[in-house]
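The chain contents come next:
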Amino acid sequence: DKAIREFQELSKLRPNRAVFHFYLGSIYCQSGNYKLAIEHYEKAISLNQENPFNYLAMARCYERQGLDEKAREILNTALYVNINSSIYENIDYI
């Protein structure tokens, strides 16, 4: 897929940009490749722990797999890490 190739190339050129891993995770999750999606969401979180959308997206990916408890765990982590973020406004996302 062209989008995957483009974001992979961008992530190689700018390895410290979490956003590229976020988008790769989103593409993989949408296509059902949950293993790769989770890997990229984890990388995005490791690069930017304060962005609640990284956690929300990863939780959504777990939820799609029927792993609701894992999804809740990720959301709880997001709340703990970023208690003042806009995560409260986006909790309905999953």
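A brief structural summary. This one's a predicted model, so the numbers in the text were calculated from it and none came from an experiment. (Residues numbered from 1 in each chain as written. Predicted model: local features only at pLDDT ≥ 70, side-chain atom pairs only at ≥ 80, totals over all residues. Heavy atoms only, no water.)

1. Section: the overall build of the chain
Across its full length, the chain carries 5 helices and 0 strands. Ordering the α and β elements of the chain from the N terminus gives α-α-α-α-α. Of the accessible surface of the chain, which amounts to about 5900 Å², a share of 48% is contributed by carbon and sulfur atoms. (Helix = DSSP H or I, 4+ residues; strand = E, 2+ residues; numbered from the N terminus. Areas by Shrake-Rupley, 256 points an atom, 1.4 Å probe, with all protein chains shown as cover.)

2. Side note on helix α4 (residues 52–64)
For α4, which comprises 13 residues, the first-to-last C-alpha distance of 18 Å matches the rise-based estimate of 18 Å (1.5 Å per residue) to within 8%. Burial in α4 covers these residues: P52, N54, Y55, L56, A57, M58, A59, C61 and Y62. Capping of α4 at its N-terminal end is provided by N51; its side-chain oxygen lies 2.9 Å from the backbone amide nitrogen of F53. Directly beyond the C-terminal end of α4, a positive phi value near 80 degrees is found at G66. (Expected span 1.5 Å × (residues − 1). Buried < 20%, exposed > 50% of the residue type's maximum accessible area, 1.4 Å probe, protein only. Polar contact = N/O pair within 3.5 Å; in protein donor to acceptor, adjacent residues only side chain to side chain.)

3. A closer look at the packing of helix α2 (residues 18–30) against α4
For the pair α2 and α4, the least separation of the axes is 11 Å and the interaxial angle reads 15 degrees. Here α4 runs roughly parallel to α2, going by the angle between their axes. When you trace α2 past α4, the crossing you get is left-handed. Within the contact between the two elements, α2 uses F22, C29 and Q30 and α4 uses F53, N54, A57, C61 and R64. Across the contact of α2 with α4, the residue classes tally to 5 nonpolar, 2 polar and 1 charged. (Axes fitted to C-alpha atoms, helices over the stretch in contact; angles between N-to-C directions. Parallel < 35°, antiparallel > 145°, perpendicular 65-115°, else oblique. Left-handed = near helix turned anticlockwise from the far one by under 90°. Contact = heavy atoms within 4.5 Å. Nonpolar A, V, L, I, M, F, W, Y, C, P; charged D, E, K, R; others polar.)

4. Quick notes on the side chain of N54
Locating N54 in the fold gives a position in helix α4. Setting aside anything within four residues of it in sequence, one finds N54 in contact with F22, Y41, A44, I45 and N48.

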